[in-house]
Amino acid sequence: MKLKIFLLSLIAVAVSSCDDYFSGMDIKNEYQPDINTVMSDASQYPSLLSGICSTYWGTLLGYGNEAIWPLGTNSDQFAPGAGNFNLKTWSYYDGMEKPEIDNSSETAAFPKAIWYDYYGMINTLKDILSAIENGAVYTESNQDANYKILSNTYFLMGCVYTEMCLMFDQCFIITETTDMTSISGTDLASAAQAQATALDYLDKCIKICQEKGDFNNLEGLFPNNTMATGNKLKQLANFMAARCIAYFPRTKEETANVDWSKVASYASDALQEDIIATLPNNDYGQWTLVQNSAKTGGWARIGMRILKMMCPDDPNAQWPLPRDFDSSSMIPELSSPDKRLITDFDYTPEQRSPAGTSFSGYTNYSPYSLNRFNDYATDGNGDEYLFTKTESDLIYAEALLNTGNIAEAANIINYTREGRGGLHDITEASSKDDAMRALYYERFVECGFPYPATPFYDRRRTPIDEFQLTSRSFRQLPVPYYELKTYGLESYTFGGEADANPKYIF
């Protein structure tokens, strides 16, 4: 029997009330009460795209049991201060047997909301593209300006499918040409097919930007004018395409087969500025994991794995901590040759898990809080980060290393390694292995905090064994049980014994 896909999500965008896990699709009031009326009026498209931008931002950074936060502790980038938000479930310690993702019932929270938030965005974006294909025209000063709607819609479709292909092992590919009434469970497509879809949309965006030049883009998209012109939009699309390819591997073996020349072609003309929202901003202000890792937070801290990496000669920098390391124990202040231990982190051993929550001492905790990327944590004023120029540059450096250009890659690596860290161990004469180890070190310190999925992608794909995800860690997400049940498909999951690897028992 063939079923209409995402019936609930179609209802959710047409009426004001819906289940909590569809909250990410409540994109402003233009959806109420009649989506067909909105889609027939092309002047509404900029507002819809503005709403998609803020929804995308919130989905990537927002909080809750169903959010992306657990990827930050599964990667040991963050240490959980308590059991809330599933942060503790996949945090690694000595002898810990990580569980599989619970994907056995409709009430299983993670990763259901992520899935439906993405498809809420896809549904609206494909409707915009379909409307234009059927003759809708967006005008500015009585001139056809559909290229602005198309370039931004293609970009956002590429962004959403990039995250889908990086996170999930398979998904439905819904586009402007999809017959929604004919879809069945057999239409689930592989992550590789979703990756191809993402790149196709991003390439269409890039092509329009190349043809139209540095045009004045629509207002109200990403904050701080980071999408304000055609050139900025093109650079964002190039960055997203480079991420889509470079971060796709689930194992180090797959990383060896990446087309690094293609990654380099995108990354060579990518971000020239950080992607941030200066707060307060009602559309973009989120309760983020980095905010909760500040000394004023309490739900998370810097992972001891990061601290051990930065303090290789300090015996007190232990990771994984022994299971009998109890709540009364205290790790002394650490020492590191890297200046960023002092500038980017705060030693706050007195900071404990919030009152009334579960807490098992430093077994799942850390005495260091984050002192970077979260200056808004105290009073709500400051810059909230999603992606950084450094991340974009290091993708390019990785592509250069993998295509034989160690000298140029070393220069990029050293921009932060020497410039911020005061480390002087990588030169153009360094081996590829040494340079690659330094590159991933920089990625964890410089890029691993703003968006919790970034260190997860890096851990699973890194060629450096000591940096890999720990044994029994999930490396991708399954299609949620709720969706599988709708199509009469058997549930499945990842993590736990199925992902056990003795090489990565640390």
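Above this text you will find the structure in question.
Here the structure is a predicted model, which is why all the values come from computation and not from measurement. (Residues numbered from 1 in each chain as written. Predicted model: local features only at pLDDT ≥ 70, side-chain atom pairs only at ≥ 80, totals over all residues. Heavy atoms only, no water.)

Caption draft 1: Here's a closer look at the overall build of the protein chain. The helix and strand tally for the protein chain stands at 17 helices and ten strands. Counting every position in the protein chain, which comprises 506 residues, the buried fraction comes to 60%. For the protein chain, contacts bridging at least 24 residues in sequence account for 72% of all contacts bridging at least 6. Roughly 18,800 Å² of accessible area belongs to the protein chain as shown, and the carbon and sulfur atoms make up 45% of that amount. (Helix = DSSP H or I, 4+ residues; strand = E, 2+ residues; numbered from the N terminus. Buried < 20%, exposed > 50% of the residue type's maximum accessible area, 1.4 Å probe, protein only. Contact = heavy atoms within 4.5 Å. Areas by Shrake-Rupley, 256 points an atom, 1.4 Å probe, with all protein chains shown as cover.)

Caption draft 2: Just the packing of aromatic side chains, in detail. Per the counting criterion, the structure on display carries 32 aromatic pairs. With a centroid separation of 5.5 Å and an interplanar angle of 90°, the aromatic rings of Phe 78 and Phe 449 are classed as edge-to-face. Taken together, the residues Phe 78 in strand β1 (residues 78-80) and Phe 449 in the loop between α15 (432-447) and α16 (453-461) connect sequence positions 371 residues apart. Residues Phe 373 and Tyr 385 carry aromatic rings whose centres are separated by 5.0 Å and whose planes lie at 80° to one another, so their mutual orientation is edge-to-face. Placement of the pair is Phe 373 in the loop between β9 (368-370) and β10 (382-387) and Tyr 385 in strand β10, with a sequence separation of twelve residues. Here Phe 373 falls in the buried class, since its relative accessible area comes to 6%. An aromatic cluster is built from Trp 90, Phe 110, Tyr 247, Phe 456, Tyr 457 and Phe 474, whose rings are joined through pairwise contacts. Over the aromatic face of Tyr 441 sits the side chain of Arg 417, whose NZ or CZ is 4.7 Å from the ring centroid. Above the face of the Phe 444 ring, Arg 459 is positioned so that its terminal group lies 3.9 Å from the ring centre. (Phe/Tyr/Trp six-rings, centres within 6.5 Å; stacked < 30°, edge-to-face > 60°. Lys NZ or Arg CZ within 6 Å of the ring centre and 35° of its normal.)

Caption draft 3: Spatial organisation of α15. Here α15 is 16 residues long and its end C-alpha atoms lie 21 Å apart, about the 22 Å a rise of 1.5 Å per residue gives. Along α15, twelve of the 16 residues are buried, which leaves the element largely enclosed by surrounding structure. Those residues of α15 that sit buried are Ala 435, Met 436, Ala 438, Leu 439, Tyr 440, Tyr 441, Glu 442, Arg 443, Phe 444, Val 445, Glu 446 and Cys 447. Among the structural elements, α11 (304-310), α12 (340-343), α13 (389-401), α14 (406-417) and α16 are those in contact with the buried residues of α15. (Expected span 1.5 Å × (residues − 1).)

Caption draft 4: The packing of helix α10 (residues 260-267) against α13, seen in detail. Packing of α10 against α13 brings their axes to within 8 Å, and their N-to-C directions diverge by 145°. Handedness of the crossing formed by α10 with α13: left-handed. Across the interface between the two elements, Trp 260, Val 263, Ala 264 and Ala 267 of α10 pack against Ser 392, Ile 395, Tyr 396, Glu 398 and Ala 399 of α13. Split into classes, the residues belonging to the contact of α10 with α13 amount to seven nonpolar, one polar and one charged. (Axes fitted to C-alpha atoms, helices over the stretch in contact; angles between N-to-C directions. Left-handed = near helix turned anticlockwise from the far one by under 90°. Nonpolar A, V, L, I, M, F, W, Y, C, P; charged D, E, K, R; others polar.)

Caption draft 5: Local environment of unusual backbone geometry. A cis geometry characterises the amide bond from Phe 110 onward to Pro 111, with omega recorded as 10°. Relative to the elements of secondary structure, Pro 111 occurs in the loop between β1 and α5 (112-133). Here the amide bond leading from Trp 319 into Pro 320 is cis, since omega sits at -10°, within 30 degrees of zero. Unlike most non-glycine residues, Asp 76 shows phi in positive territory, near 60°. Structurally, the position occupied by Asp 76 is in the loop between α4 (70-74) and β1. The backbone of Phe 373 sits at a positive phi, close to 70°, despite the residue not being glycine.

Caption draft 6: Expanded view of the pattern of salt bridges. This structure, assessed with the given rule, holds 25 salt bridges. The salt bridge involving Glu 446 is made with Arg 340; its shortest N-O contact spans 2.7 Å. Remark: Arg 340 occurs in helix α12 and Glu 446 occurs in helix α15; sequence separation between them is 106 residues. The buried category is assigned to Glu 446, whose relative accessible area is 1%. For Arg 340, a relative accessible area of 0% corresponds to the buried category. A salt bridge links Arg 417 to Glu 442; its shortest N-O distance comes to 3.2 Å. A residue pair is termed long-range when its members are at least 10 positions apart, and Arg 417 in helix α14 and Glu 442 in helix α15 qualify at 25 residues. In this pair, the class of Arg 417 matches that of Glu 442, namely buried. (Salt bridge = Lys/Arg side-chain N within 4 Å of Asp/Glu carboxyl O.)

Caption draft 7: Geometry of α10. Buried within α10 are the following residues: Trp 260, Val 263, Ala 264, Tyr 266 and Ala 267. All buried residues of α10 fall inside an arc of 165° around its axis, so they share one side. (Arc of directions from axis to C-beta.)

Caption draft 8: Region of interest: the pairing of β10. Counting buried positions along β10 gives five out of six residues, so the element sits mostly inside the fold. In this structure, strand β6 (residues 275-279) lies alongside β10, joined through five bridges in antiparallel fashion. Residue pairing in the sheet places Ile 276 in a bridge with Tyr 385 of β10. (Pairing = 2+ DSSP bridges.)

Caption draft 9: A look at the nonpolar core. Formed by 159 residues in total, the largest nonpolar core has its most connected members in Tyr 118, Phe 155, Met 167 and Tyr 451. When residues in this core are grouped by element, the largest group, 13 residues, is from helix α6 (residues 146-167). Setting aside residues no more than four positions away along its own chain, Met 167 makes contact with Ile 68, Leu 71, Ile 114, Tyr 118, Arg 250, Tyr 451, Ala 453, Tyr 457, Gln 476 and Leu 477. (Core = buried A, V, L, I, M, F, W, Y, C linked by side-chain atoms within 4.5 Å.)

Any functional reading would require information beyond the geometric quantities listed.
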